[in-house]
Amino acid sequence: MKLKIEQDELYFEYRGCSYKLSSHPYDPCLYIMKDEQIFRAIRMAFEVSELIEAFSVGGTVHSVVKDAKEHDEESFCRVLAAVIDSNRFECDFPYAESIVK
């Protein structure tokens, strides 16, 4: 389970699959793409450029909600894995944080 940056694009590698991460510039929504289709959507999340900027220097991110948790790359990957495993097409980031095992 890890993030990979290739030519300004961000990928999440998990259980033998590579998921492209995409975002919407007008709404803090993160999309987990599989086979060029939206596989999961996480609202109240991040833009890909923000993630690349933070994690490429060992930094952290936190969501837009009040009292948001700080996430380094490892804990952020655990959130993505929880969303993929949840079988929910769409959720918000605080919910995704709450289902991490």
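K.L.:
So, unusual backbone geometry: which residues are in play, and what are the values?
P.N.:
Of note in the backbone geometry, Asp-35 takes a positive phi value of approximately 55 degrees without being a glycine. Mapped onto the fold, Asp-35 is located in the loop between strand E4 (29–34) and strand E5 (37–43). Although it is not a glycine, Met-44 sits at a positive phi angle of roughly 55 degrees. Within the element layout of this structure, Met-44 appears in the loop between E5 and helix H1 (48–55).

K.L.:
Tell me about the pairing of E5, and please be specific about residues and values.
P.N.:
Inspection of the sheet shows E4 paired to E5 by five bridges, in the antiparallel sense. Along E5, the bridge assignment pairs Met-33 with Ile-38. The hairpin formed by E4 and E5 contains two residues between the paired strands, and Asp-35 there has a positive phi angle of roughly 55 degrees. Direction of pairing for E5 relative to strand E8 (residues 90–92): parallel, over a ladder of three bridges.

K.L.:
Go over the side chain of His-71 with me, naming the residues and quoting the values.
P.N.:
Inspection of the secondary structure assignment puts His-71 in strand E7 (residues 70–71). Beyond its immediate sequence surroundings of up to four residues, His-71 is in contact with Phe-55, Gly-59, Thr-60, Val-61, Phe-76, Val-79, Phe-93 and Glu-97.

K.L.:
An account of the packing of aromatic side chains is needed here, citing residue identities and associated values.
P.N.:
Aromatic rings considered in pairs are described by the distance between their centres and by the relative angle of their planes. Considering all chains together, one arrives at six aromatic pairs under this definition. On the basis of an interplanar angle of 75 degrees and a centroid distance of 5.7 Å, the ring pair of Phe-46 and Phe-76 is categorised as edge-to-face. Of this pair, Phe-46 sits in the loop between E5 and H1 while Phe-76 sits in helix H2 (residues 73–86), and the two are 30 residues apart along the sequence. Accessibility expressed as a relative area gives 0% for Phe-76, which makes it buried. Centroid distance Phe-46 to Phe-93: 5.1 Å. Interplanar angle 85 degrees. Geometry classified as edge-to-face. In this pair, Phe-46 sits in the loop between E5 and H1 while Phe-93 sits in helix H3 (residues 93–98), placing the two residues 47 residues apart along the sequence. The residues Phe-46 and Phe-93 share a single accessibility class, namely buried. Among the aromatic residues, ring-to-ring pairing joins Phe-46, Phe-55, Phe-76 and Phe-93 into one connected group.

K.L.:
How would you summarise the layout of surface pockets if you had to cite specific residues and measurements?
P.N.:
There is about 160 Å³ of room inside the largest pocket. Along the walls of the largest pocket sit Met-1, Tyr-14, Arg-15, Arg-78, Ala-81, Ala-82, Asp-85, Ser-86, Ile-99, Val-100 and Lys-101, which together make up its complete lining. Per-element tally for the lining of the largest pocket: the top contributor is H2, with five residues. Among the residues forming the lining of the largest pocket, the class breakdown is six nonpolar, one polar and four charged.

Thresholds applied
- Residues numbered from 1 in each chain as written.
- Predicted model: local features only at pLDDT ≥ 70, side-chain atom pairs only at ≥ 80, totals over all residues.
- Heavy atoms only, no water.
- Helix = DSSP H or I, 4+ residues; strand = E, 2+ residues; numbered from the N terminus.
- Pairing = 2+ DSSP bridges.
- Contact = heavy atoms within 4.5 Å.
- Phe/Tyr/Trp six-rings, centres within 6.5 Å; stacked < 30°, edge-to-face > 60°.
- Buried < 20%, exposed > 50% of the residue type's maximum accessible area, 1.4 Å probe, protein only.
- 1 Å grid on protein atoms, 1.4 Å probe; cavity = no way out; pocket = protein on both sides within 12 Å on 5 of 7 lines; lining within 4 Å.
- Points joined across faces, edges and corners; volume = space filled by probe spheres on them.
- Nonpolar A, V, L, I, M, F, W, Y, C, P; charged D, E, K, R; others polar.

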